[in-house]
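The residues making up each chain are set out below.
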Amino acid sequence: MDDDTLLAQQLAYYRAGADEYDRPYVQYPKLRRLLTAVDDLPVTGDVLELACGTGQWTPLLAARARSVTAVDAAPEALAVARRRTTGSDVRFVEADLFAWRPPRRYDTVFFAFWLSHVPPRRLPAFWDFVADALAPGGRAVFVDDGPAGAAYEDVLAGAPVPAAVRRLDDGSRHRIVKVFHDARTLTADLSARGWSARIRTVAGHYIGVAEPQEAGPPAPQPHPCPWP
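Residues numbered from 1 in each chain as written. Predicted model: local features only at pLDDT ≥ 70, side-chain atom pairs only at ≥ 80, totals over all residues. Heavy atoms only, no water.

1. Section: the side chain of Asp145
Within the secondary structure, Asp145 sits in strand β5 (residues 134-145). Under the relative-accessibility criterion, Asp145 is labelled buried at 12%. At 3.4 Å, the side chain of Asp145 and the side chain of His205 are in polar contact. When residues no more than four places from it in sequence are discounted, the contact partners of Asp145 are Phe113, Lys178, Phe180, His181, Gly204, His205 and Tyr206. (Helix = DSSP H or I, 4+ residues; strand = E, 2+ residues; numbered from the N terminus. Buried < 20%, exposed > 50% of the residue type's maximum accessible area, 1.4 Å probe, protein only. Polar contact = N/O pair within 3.5 Å; in protein donor to acceptor, adjacent residues only side chain to side chain. Contact = heavy atoms within 4.5 Å.)

As structure tokens, then:
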């Protein structure tokens, strides 16, 4: 199965399952605790949230940001996010993140549980997209499942693109992209792409902050940040 076919199935899953998406945040206390990580992360200024889904993170970002632009391809999920989020400083955009380009640059680009849904062949273009969306001195901030998350997924062995099968209440089965990045390997990969990254593991998840580094002298200076 190629990337396009798998991504189409992935979108179909999130559209059909928008009303069920929030269930894990009720079932798993560690996910609810993970939401509080935003308080310690360098989320500032104008924020671009990629794959906002049903908006679990959007109000938390809005509380720290000057503005939030939240993007997702599933209109059903965006409808839930709009109901959850109030305030004129939040703007929702329905768009395919593999085709959309932001009209401006942002101080923070945030994505939670999205990197694992990006096919490996598309990762270089994805990180280029994030770098282009960041204003000078801006940061990417991200949260996702580490390798421990595989225990909670029906992983497809031997698939050409890392994938898993998820089921909805109506019995339907949907394939999604699911890549379980290891924090150390992801840090090394970002460094090789010219990023400075700090990624830590929290209860089987990873939380990362990354900055694209400018080429040539003078060397970029570390940005003051209370987050280790």
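2. Considering the packing of aromatic side chains
In this description, an aromatic ring pair is defined by two values, namely the gap between the centres and the angle between the planes. Applying the stated criterion to the full structure yields 14 aromatic pairs. With a centroid separation of 6.4 Å and an interplanar angle of 75°, the aromatic rings of Phe142 and Tyr206 are classed as edge-to-face. Pair noted here: Phe142 is in strand β5 and Tyr206 is in strand β10 (residues 205-212), with a separation of 64 residues, a long-range link. Residue Phe142 shares its accessibility class with Tyr206, and that shared class is buried. Through a chain of ring-to-ring contacts, three or more aromatic side chains come together here, namely Trp100, Phe111, Phe126, Trp127, Phe129, Phe142, Trp195 and Tyr206. (Phe/Tyr/Trp six-rings, centres within 6.5 Å; stacked < 30°, edge-to-face > 60°.)

3. With respect to the environment of Arg173
By the element assignment, Arg173 lies in strand β8 (residues 173-177). Along the sequence, Arg173 and Val209 sit 36 residues apart, while their C-alpha atoms lie 34 Å from each other. Among all residues touching Arg173, those that are not within four sequence positions of it are Val165, Arg166 and Arg167.

4. Some thoughts on the sheet that holds strand β9 (residues 195-202)
Reading across from one edge, β3-β2-β1-β4-β5-β10-β9 is the order of the seven strands in this open sheet, with mixed pairing throughout. This sheet does not close on itself; its edge strands, each paired only once, are β3 (90-94) and β9. With strand direction ignored, the average angle separating the axes of adjacent strands in the sheet is 15°. Pairing analysis gives eight bridges linking β9 to β10, with the strands arranged antiparallel. (Pairing = 2+ DSSP bridges. Axes fitted to C-alpha atoms, helices over the stretch in contact; angles between N-to-C directions.)

5. A short note on the nonpolar core
Ranked by size, the top nonpolar core spans 32 residues in total, and within it Phe111, Phe126, Trp127, Val130 and Phe142 carry the most contacts. The set of elements that each furnish at least two residues to this core consists of β1 (46-50), β4 (106-112), α6 (123-133), β5, α7 (183-192), β9 and β10. Here this core takes seven residues from α6, the largest share from any one element. Aside from chain neighbours lying at most four places away, what touches Phe111 is Leu50, Phe126, Trp127, Val130, Ala140, Val141, Phe142 and Val143. Membership of the second largest hydrophobic core comes to 27 residues, among which are Ala37, Val47, Val68 and Val141. (Core = buried A, V, L, I, M, F, W, Y, C linked by side-chain atoms within 4.5 Å.)

6. Some thoughts on the pattern of salt bridges
Pairing of side chains with opposite charge becomes possible as their charged atoms draw close. Within the structure shown, the criterion is met by 14 salt bridges. Between Arg104 and Asp46 there is a salt bridge, and its shortest N-O distance comes to 3.0 Å. Here the residue Arg104 occupies a position in the loop between β3 and β4, and Asp46 occupies one in strand β1, the gap between them amounting to 58 residues. You can call Arg104 partly exposed: its relative accessible area is 37%. Assessed through its relative accessible area of 10%, Asp46 is described here as buried. Arg167 is the partner of Asp154 in a salt bridge, and the nearest nitrogen-oxygen pair spans 3.2 Å. Note that Asp154 is positioned in strand β6 (residues 154-155) and Arg167 in strand β7 (residues 163-167), a separation of 13 residues in sequence. A network of salt bridges, in which partner residues are shared, links Asp3, Asp4, Arg121 and Arg122. (Salt bridge = Lys/Arg side-chain N within 4 Å of Asp/Glu carboxyl O.)

7. Looking at the sheet that holds β6
An order of β6-β7-β8 is seen for the three strands of this open sheet, with the pairing classed as antiparallel. Looking at which strands have only one partner, the edges of the open sheet turn out to be β6 and β8. Bridging between β6 and β7 involves two bridges; their strand directions are antiparallel. Opposite Val155, over in β7, you have Ala164 as the bridge partner.

That is the geometry; function is a separate question.
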